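Coordinates in review
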Amino acid sequence: MVVTGTMEAGHGVNVDAGGRGISTTLLLTELDRFLNLALTSSDKRSHGGRRDAISDGEEQTTAETALFLLRNLPPARPAALAYLAHTLSRQVSSHMRGYSAGDGSRKTETTEEGLSAQLEGLLGDLLESTPGVWGPLVSQWAVEQLGRWSVEWANTVVGRGDATLEEVVAGWLSCSPARTLAALTVVCVAHDPDTAVAALLDASAASGPALDWLVAHVGCSFPATVISRVLALGLRSFASCHGRPPEHQLASVNKILSHLADRHLPDIRRSLHAILLRTFNGASDPEAQASVPFLLCLAVTSRSRAVLAALTSGLDTLLMPSDRLGALANQVGWWVPRYFATHCQLQEMVVHLVLDTGGSAAPSLLHLLLQGAAPAPKLPAAVASAVNNILQGVVGEICMVTYMRRNAGSSRIHIPFLVGLRGGGLDGSDVGMAFGGRAISPVVGVLEETLGAPGSQVVLVYLKQLITLVVVQQGPATATTTLGHLLHCHARDGAVGHQQILSSVITAIMIHQVVQHTPATSLSTALAGALQPQTGSSTVLTALNSLETLLFQGRKERLHIYPALTEALLISVPLLAEFINNPVHGTAAVQVLCQLPLKKPVSVGHVLRLSHAVIFYFFSCLHESDITKKICGVGRCQRILSQLAQSSLALNLIIRLLVEGVFRPECAYLFGSVKQGHLESKEVPGEMLIQANRQFNSWVKVPQSHTSIFHMGIIGSGPSSHQKNITLSPDIIKLHSQLMLNTLSVCCAAQANGEGASTVALLLVELISPDIMFNGFPWPEEYIKFTFERDLAIKKTFEEYPIAWSLLEFVATHRAALSYCSVLVRALTAALTAYWNTSPLSTAKQAPDSLQSTRYLLEVMVTAQFLPGPLRMLPQMVGALAPFELVCILQDVWMYMRDHTPSPDRWLELSSGHHQRAPDPPMATCYTERIQHIIQSNVYTLGHLMSYMVNAEQ
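Here is a short report on the structure shown in this document. From a predicted model like this one, the values you see are computed outputs, not experimental measurements.

**Focus on a nonpolar patch on the surface**
Where nonpolar side chains cluster on the molecular surface, the patch consists of M400, Y403 and M404 and spans about 300 Å² of accessible area. Residue placement: Y403 occurs in helix α19 (residues 381-407).

Here's what the structure looks like:
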């Protein structure tokens, strides 16, 4: 056993080993004992030759004596270590033979554990107390023994020759002596890394790949130190052999790095990049000049994707600015005759390296290649030429794999580079979407940076080809995801290149649908996925802008993708309709709709939803303070509504929403209404009624039917407290009115039968005069007394809503359509007649508002040809008359309308689409007699009108 107690003092004290109070007599006794036991054991081995010739007790006693001398007698250390190595070797041999025979109950297992524990405890204490003395000795001895065992039992430790390094490490660590010496080696590296690692690498070089397991095991505890030393040793060997070292050396470096890659990939990346940076630090030694060829050969021979990713990730940042690429270009001429046979061999090696690069390193490598291919002032022309050749080789290889081998009948081949560009991990899985809706597809980042860089037109061809190959080679699911990511790409100033790439991806999707005979759902699914609201406001806005530009170019240049793209977007009309009501997306969504051919048959549900949304956007544009934005927004609405209005159902709905909107409290002030008037409503709190009514868009609203009543809010909520106190300038009000009339005209022009104007007329009657009694065409003998209150209410509506006069004038321009507004014209005539009949004023000019209403009324009747012949001069007369004279004129008009009922059948439709009143008999003098007297009474101001009366009688 090991002596640790206090012994009698002598004059031979071992101070450096920690022994205190051990006498010389005891040391000599133990030495003599050790020599006798060692010689006896040697004799027995030489004569017997069998393990059983030496008893376990004798071996244990000899080992304990050797441990005592190792601690307390320095001159005996080599002999003690030699005997311990011999004893441990016997235990390893016994362990391996038992392992091969499958004997799980070896007799020496307890003995191995005991001796190994004693040895580890003793040497561990000695290393902790005096590492400078024991570190070099123990590390040299331990790695020599492990190297010898590893070579001797290389094919036995795991049982097969194709075992992985992880399996070899586990096999050796299951052996107690090997585990003890490996642990002692780790302790030595911790105290004296330079000496211990040097001994480890020397033993590794002497033992070859058999000792890689120990280097990898130590590297798990000291990754930075071991990785840098292993790479330095590999580079030194590579440089000394002029690029042709034994294959097992590169294989050993790769196996060690692969073993450490799972947990220490950042350390591997830093060490590899440090070797690469030596090329740019001005070093001229052979190792520095061989750094890049060494890394290329290491990457090409590596079977670990992680090691390859560690080398290639971040190269775009490391090798730019471009002067570093220039420095590499200057060294190529020195590499080729020494490390590579020809330039073609070097190029092929780089191409295959690019194709084997996957994961996050793929976009980094592509970014570097695109930067090198683009012309730059500081970049030599030779670099751009070489990088272009590499990119051509990459594209050519992928095309060969994608098209030629697939056509030959083989299945899809896994290309790591394309998987990395798609956004897949090292295992080929998809990365999905990032939080907040931002697509993390790496190709999007590369595209955004490339589009914003100068000279991007040169490299966009390669980028377009590669993205198309990603879509084709990775299948329809990847095509859908890639298209969504590209739509979310910020194009900046490179919109042309962005649209070209989008067009290529859509073409690939279309071709796949044709080849596979699948319905055109992939494209619509991709577009719907890119426009989901949960992807984020800015992301959706970017996608809408990209689609609008793509549609514009497709329609302008008649691209082959335009029909398929529009068909796919028409399926997503409900989604676009939802975006219209969003202040952030509204304009972009409307711009997309402006590029769509909505003349195609669109489902009723889509028409209803889109009509509501566009009308809402129309009134929102009128609220815009910027006049340019206001007019542009209304123009977009007109373009969309004119296409929708080609359907009778859509036309009736659009007209209803427009006309109803101008009388709503939240919009009436835009058209000059000074107060809300008698059209009281109960609004939905927190939103506009126009928006609240969108939930009723499934109804088919027919004028003058029970379904045409506008939703008045929640019953019982009380009158609205929301008051509009905004006063607009007359010019703005006039602009709003003109925009409204232009929109109505555009919509009505979509139907050639004049249906739109008739619908406006019926809506005016419905909204202004809900009373359905006495709403026919005939005019009575005189205005009916019990309708007087309603007539005053109608007149008040026209006073409070000036837009009503504009709408009535719009209807009058279609002539026959004003017949459906006969009740309004009749009510206004009766109310104004009553007003002037009771007016105390001497001249009509003293009541400018009523005079203007009278002029408007007569002009409307003249425009619609209600008043033919000499009566057409009446609007020019009213400004110079007295109130009683106006009463006479209005009474004559009443009599004429009573005798000539303004029914629609009195108008004939011309070939031009307009209407003309059928010729009537000459006008009787009873309708013009008083008018002539009034002209004679005001001959100074109205005398020039007498000729019209005289000519009318002839």
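After presenting the structure, the write-up continues.
**A word on unusual backbone geometry**
For R815, which is not a glycine, the phi torsion comes out positive at approximately 55°. If you trace the backbone, R815 turns up in the loop between α38 (803-812) and α39 (822-837). Classification of R815 as partly exposed rests on a relative accessible area of 24%. If you check the backbone angles, Q865 has positive phi at about 65° while not being a glycine.

**A closer look at the layout of surface pockets**
Its volume calculated, the largest pocket comes out at about 860 Å³. Lining of the largest pocket is provided by 29 residues; of these, L328, V332, W335, V350 and I390 occupy positions nearest its centre. For the lining of the largest pocket, the secondary-structure elements that each account for two or more residues are α13 (291-301), α14 (305-312), α15 (315-319), α16 (322-338), α17 (343-356), α18 (361-373) and α19. Along the lines of polarity and charge, the residues of the lining of the largest pocket split into 24 nonpolar, 5 polar and no charged.

**Notes on helix α42 (residues 883-899)**
Here α42 spans 25 Å end to end across 17 residues, near enough to the 24 Å set by a 1.5 Å rise per residue. The element α42 is extensively covered by neighbouring structure, given that 12 of its 17 residues are classed as buried. All of the buried residues along α42 are P883, E885, L886, V887, C888, I889, L890, D892, V893, W894, Y896 and M897.

**What about the side chain of D212?**
Position of D212 among the secondary structure elements: in helix α9 (residues 212-221). Exposure remark for D212: the relative accessible area of 0% places this residue in the buried category. Not counting the four nearest positions on each side in its chain, D212 is found in contact with L165, S204, S252, K255 and I256.

**Notes on the packing of aromatic side chains**
With the rule as written, the count across this model stands at 10 aromatic pairs. Look at Y896 and Y927: their rings are 5.3 Å apart centre to centre, the planes differ by 90°, and that puts the pair in the edge-to-face class. In this pair, Y896 is assigned in helix α42 and Y927 in the loop between β2 (915-917) and α43 (929-937), connecting sequence segments 31 residues apart. Of the two residues, Y896 and Y927, neither departs from the other in class, the shared state being buried. Among the aromatic side chains, those forming a connected cluster through ring pairs are F238, F294 and Y339. Above the face of the Y835 ring, K795 is positioned so that its terminal group lies 5.5 Å from the ring centre.

Rules and cut-offs
Residues numbered from 1 in each chain as written. Predicted model: local features only at pLDDT ≥ 70, side-chain atom pairs only at ≥ 80, totals over all residues. Heavy atoms only, no water. Patch = residues over 30% accessible without salt bridge, like charges linked within 9 Å, V, L, I, M, F, W, Y side chains within 5 Å. Areas by Shrake-Rupley, 256 points an atom, 1.4 Å probe, with all protein chains shown as cover. Salt bridge = Lys/Arg side-chain N within 4 Å of Asp/Glu carboxyl O. Helix = DSSP H or I, 4+ residues; strand = E, 2+ residues; numbered from the N terminus. Buried < 20%, exposed > 50% of the residue type's maximum accessible area, 1.4 Å probe, protein only. 1 Å grid on protein atoms, 1.4 Å probe; cavity = no way out; pocket = protein on both sides within 12 Å on 5 of 7 lines; lining within 4 Å. Points joined across faces, edges and corners; volume = space filled by probe spheres on them. Nonpolar A, V, L, I, M, F, W, Y, C, P; charged D, E, K, R; others polar. Expected span 1.5 Å × (residues − 1). Contact = heavy atoms within 4.5 Å. Phe/Tyr/Trp six-rings, centres within 6.5 Å; stacked < 30°, edge-to-face > 60°. Lys NZ or Arg CZ within 6 Å of the ring centre and 35° of its normal.

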